Structure formats: C-alpha cells, structure tokens
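Structural overview
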Amino acid sequence: MFSNTQIQTLNPPQRLLMGPGPINADPRVLRAMSAQLIGQYDPVMTGFMNKTMARYREIFKTKNEWTMLVDGTSRAGIEAVLCSILRPGDKVLVPIMGRFGHLLAEIAERVGAKVHTIEVPWGEVFTPEQIEKAIVDVKPHVLAMVQGDTSTTMNQPLEYIGDICQKHDVLFYCDATASIVGNDLPADEWKLDALSVGLQKCLGGPSGSAPLTLSDKCADWIQKRKKVEAGIRTAEHTDGTEPFVRSNYFDLGMIMNYWGEERLNHHTEATSMLYCASECARIVIEEGVDNCVARHKLHGDAMLTGIQALGLNVFGDLNHKMNNVLGVYIPEGINADHVRAQMLNDFGIEIGTSFGPLHGKIWRIGTMGYNARKDAVLQTLASLDACLHANGYKGPKGEAAIAALTHYK
C-alpha cells in the first residue's frame, strides 16, 4: 500500500522569486525543456549543439570557437575552468570582494594551486591599479575574479583588466554567473580568456547548465594538458605535454573533443538542459543583448527608486551596483525574518536574506531575467511596504510603488 504522500503529484506553490536568484524561469524556457529527447549523436542533436554554441557566442560577444556548455550548475562551470587551466603548484591571484571570490579561491586551492588573494571590504570594488600591483607582486599564471557578486550586489569593473593581464602574460578568468546579460560584458573587447556563467539569474532559466567560452590562448593551453580515455582513444590520439587535468568530468579538453567535430564520447549530454540553455540564449538574442542589459537597468533603477522612497538605506557603493540586485539595510527594530515570511506566505513573494558579514543586516532584492519587468517590481515594492508597516515600521507609507511608477514615466 502507498500512502497519499508517496503518490501525490508534484505541485510547488506559486512564488514570485525576487531574491538574488534563482528566479522564475521564462515560460518559453520551461516549454523547451519539455521537448522529447533524441540520441546524443543524432544529426539533429549535434546540429542543435552547434546552434547553441553560436547563440552563446552572441551572448558573450565573442568569436571564440570554444563556446559551449558544461552539464551542471554554474559552480560546475567554475570548477571545470579552474581544474583545466590550473596545474598543481600554479599561482593564481583571486581578488575577493564578497562570498564568491572566496569560492573561487577555495576551488583553486582544492585543485592544488598556490592561491594568493587580495580583498576589499564588502560593498566596494577593486581599481585597475590594485589589480595590477597584485599581479606584479604575485606573478600569477591565472587571475580569477567575479564580475557581479550577489552577496554584496557589487559589479566589478573589468574593462581594463584584460589589458593588464595581457601585458603581464596572465590568463584572465571571470565568473559572471549573476551578471551576464544584466550588465555589460563583451568578452572579446575586454580580453577575457575564460568566462563561465549560469542560467538562473538574468538568462531567465533554472540552474543546471553552465555556458562558458575560452579564448584561443586559453584553449591552446588546455590542449597541452590533453588526455584521452583508454576506452575511446585511437592510435591518432596523443597526450599533451603538460600534467593532465585531475578531474575526468571537468576536463575541458575532453569536453572540447565532445563538442568539436570529432564528437569524441565524454558523457551523455543533458539534453533537456541543452534545450533549456539554448532557449535562454535565443530569447535574449531575440530581445537584443544590449536591450536586455538596458531592461535590467530600467527595472533595477525603478526598484532602487521605490526602496529609497520607503526611507530605506541601500548597501554598498551605488556607483558600482549591479543592475539586477539591490542590497537593502533592514530598518532598526524590525524583525527581518517576520517581514520576509509574511511577504512569502501572504503575498507569495520571495526576497533574499544574506550571509557572512552582512548576515542579519541586509535584504537582497533581485530584478532579473523573466522577473525584470514592471509588474514584478511594483508588486514587490507594494508587498514590502505593507509588510514593513504591519511589523511596526514608522517610515514613509504608500510611497514606494508610486515612486517607481514615476520613474517609469
């Protein structure tokens, strides 16, 4: 006998996800994910893989041949890049401005690299001069940094970093999971060697696929670490001259063989997530990448205007705030958990808490992807306004949504 709980149909509640991610997936993405599976070497499938690579070249604004997907969450993309470009003992410089800089440092340490870090207080970003001084001092093989860090809501300027890295012969890797297509990031113009992202923020999909792109210089370096599995290698395959990548799953050299013309088997492609990632890119391209960034700025600025009209203080350097995430100081005397719980239970709206040195100090409110739209911003502001005052807030009342509406005009 089965109990009711064992046979009950999955039926999650309706939520408007206005935190730092994940967000509600675009319905078109969900429809794409429900398409029937096909074999991984079906010409239709390999053609669709090629089309997906082309779409992400447009998303990243790159001509890189090696623009593809790693199956897994955005962290899988990060680990694949760092495992593949860092040998044990290589020096890597990680500028840390929030939680996810610490993540890059930890993954690099697990790879066996010699990790050097520099830090700024949460809520600030690095200057090019700080980065170059550290590169001169450390002489790293790789510079690894985050563009948009949702833990602090800061957007690290990158436009001059690529020139600095080229000047000192350093590979430049960026994790842009939270910032891609919500903030400017032209990979070729800014001279990135490796860039990895996720779908669950501004790209408007669920977590589970990690698009990335590699410069020719970076791809050539990875090929020097080439190793082909014994079960699939032929007499034509030769190993690289550098120590091979310690991870099998995250070996980008083998993944490049899988996505390239040889189609050398590595894993069974996560077909539904391929459909998903490709549709995320198609939707952004249909809108226009620059238009997508502008949309995130419009709605992010409207959210900021409404929050300030409520009399709430905003965290961090507003000159370097991400377009798509806002840090809001919790008013003194207000039970932050009660406000968030009431927004969730009574209004069906989720905003984010925080962690690290900001735990219990700020909420994080996102306007990204499918949720970067006027009605979502206005609903969130009206809900927060009501819940704050229901929990004893004495600041301005009824002003937030009106201020945002005025901003839209």
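Structure first, text after, so check above.
A brief look at the structure comes next. (Residues numbered from 1 in each chain as written. Predicted model: local features only at pLDDT ≥ 70, side-chain atom pairs only at ≥ 80, totals over all residues. Heavy atoms only, no water.)

1. Quick look at the sheet that holds strand 3 (residues 91–96)
Spatially, 7 strands are ordered 2-10-9-8-5-3-4 in an open sheet, and the strand pairing comes out mixed. Each edge of the sheet is formed by a strand with only one pairing partner; in this case those strands are strand 2 (66–71) and strand 4 (114–119). Strand-to-strand twist in this sheet, taken as the mean axis angle between neighbours without regard to direction, amounts to 20°. Where strand 9 (residues 194–196) and strand 10 (residues 209–214) come together, 3 bridges link them in antiparallel fashion. Along strand 10, the bridge assignment pairs Ala194 with Leu214. Across the sheet, helix 6 (residues 128–138) touches strand 3, strand 4 and strand 5 (142–146), and the angle it forms with strand 3 is around 155°. Packing of helix 8 (residues 216–223) onto the sheet brings it into contact with strand 2, strand 8 (171–175), strand 9 and strand 10, and relative to strand 10 it is tilted by some 100°. (Pairing = 2+ DSSP bridges. Helix = DSSP H or I, 4+ residues; strand = E, 2+ residues; numbered from the N terminus. Axes fitted to C-alpha atoms, helices over the stretch in contact; angles between N-to-C directions. Contact = heavy atoms within 4.5 Å.)

2. Topic: the packing of helix 12 (residues 336–347) against helix 13 (residues 374–390)
Contact geometry of helix 12 with helix 13 gives a least axis separation of 9 Å together with a crossing angle of 125°. In terms of orientation, helix 12 and helix 13 fall into the oblique class. Once helix 12 is placed against helix 13, the crossing between them reads as right-handed. Residues Val339, Gln342, Met343 and Phe347 of helix 12 form the contact with helix 13, whose participating residues are Thr380, Ser383, Leu384, Ala386, Cys387, Leu388 and Ala390. A breakdown of the residues in the contact of helix 12 with helix 13 according to their chemical character gives 8 nonpolar, 3 polar and no charged. (Parallel < 35°, antiparallel > 145°, perpendicular 65-115°, else oblique. Left-handed = near helix turned anticlockwise from the far one by under 90°. Nonpolar A, V, L, I, M, F, W, Y, C, P; charged D, E, K, R; others polar.)

3. Re the pairing of strand 10
Within a regular strand, side chains alternate between the sheet's two faces. Of all 6 residues that make up strand 10, 6 are buried, and the element is covered over most of its length. Residues Ser209, Pro211 and Thr213 point to one face of strand 10 and Ala210, Leu212 and Leu214 to the other, with burial holding for every one of them. As paired elements, strand 2 and strand 10 share 6 bridges and run antiparallel to each other. Across the sheet, the residue bridging to Trp66 is Leu214, located in strand 10. (Buried < 20%, exposed > 50% of the residue type's maximum accessible area, 1.4 Å probe, protein only.)

4. Section: the packing of helix 8 against helix 9 (residues 252–259)
Two elements in contact, helix 8 and helix 9, have axes whose closest approach is 9 Å; the angle formed by their N-to-C orientations is 110°. On the basis of the axis angle, helix 8 is roughly perpendicular to helix 9. Contacts between helix 8 and helix 9 pair Ala219, Ile222 and Gln223 from the former with Leu252, Gly253 and Met256 from the latter. Class assignment of the residues belonging to the contact of helix 8 with helix 9 gives a composition of 4 nonpolar, 2 polar and no charged.

5. A word on helix 13
Spanning 17 residues, helix 13 covers 24 Å between terminal C-alpha atoms, matching the ideal 24 Å at 1.5 Å per step. Looking at the packing, one finds that the buried side of helix 13 touches strand 1 (16–17), helix 11 (289–309), helix 12, strand 12 (349–350), strand 13 (362–366) and helix 14 (400–408). Positive phi appears at Gly392, one or two residues downstream of helix 13, with a value of about 95°. (Expected span 1.5 Å × (residues − 1).)

6. Overview of empty space enclosed by the protein
One way to see where empty space is left: roll a probe the size of a water molecule over the atoms. Under the counting rule described, the total for this entry stands at 3 cavities of 30 Å³ or more. If you add up the space inside the largest cavity, you get close to 50 Å³. What lines the largest cavity is Ile59, Lys61, Ile180, Val181, Asn183, Asp184, Leu185, Val289, Asp290 and Val293. Looking at the lining of the largest cavity element by element, the count peaks at 3 residues for helix 11. Within the lining of the largest cavity, the residues separate by chemical class into 6 nonpolar, 1 polar and 3 charged. Taken together, Val228, Ile232, Met254, Asn257, Leu264, Asn265 and His266 form the lining of the second largest cavity. (1 Å grid on protein atoms, 1.4 Å probe; cavity = no way out; pocket = protein on both sides within 12 Å on 5 of 7 lines; lining within 4 Å. Points joined across faces, edges and corners; volume = space filled by probe spheres on them.)

7. Considering unusual backbone geometry
Omega for the peptide link from Gly21 to Pro22 comes to 5°, which places this bond in the cis form. Turning to its location among the elements, Pro22 is positioned in the loop between strand 1 and helix 2 (27–33). In this structure, Lys61 takes a positive phi of about 55° despite not being glycine. Within the secondary structure layout, Lys61 lies in the loop between helix 3 (43–60) and strand 2. The class of Lys61 is partly exposed, set by a relative accessible area of 35%. Located in the positive-phi region is Arg263, a residue other than glycine, with phi close to 55°. Residue position: Arg263 is located in the loop between helix 9 and helix 10 (271–287).

8. What to know about helix 11
Taking 1.5 Å of rise per residue, 21 residues should cover 30 Å, and helix 11 covers 30 Å from first to last C-alpha, within 8% of that figure. The set of residues buried in helix 11 consists of Val289, Cys292, Val293, His296, His299, Gly300, Ala302, Met303, Leu304, Gly306 and Ile307. With its phi angle positive at about 85°, Gly311 sits one or two positions after the end of helix 11.

9. Examining the pattern of salt bridges
Within the structure shown, the criterion is met by 16 salt bridges. A salt bridge links Glu132 to Lys167; its shortest N-O distance comes to 3.0 Å. On the criterion of sequence distance, the pair formed by Glu132 in helix 6 and Lys167 in helix 7 (residues 161–167) is long-range, its members being 35 residues apart. Here Lys167 falls in the exposed class, since its relative accessible area comes to 62%. Across the salt bridge formed by Arg295 and Glu287, the nearest N and O atoms sit 2.7 Å from each other. Exposure remark for Arg295: the relative accessible area of 22% places this residue in the partly exposed category. Judged by relative accessible area, which is 28%, Glu287 ranks as partly exposed. Here the salt bridges do not stand alone but share partners, grouping Asp26, Arg28, Glu279, Arg282 and Glu286 into one network. (Salt bridge = Lys/Arg side-chain N within 4 Å of Asp/Glu carboxyl O.)

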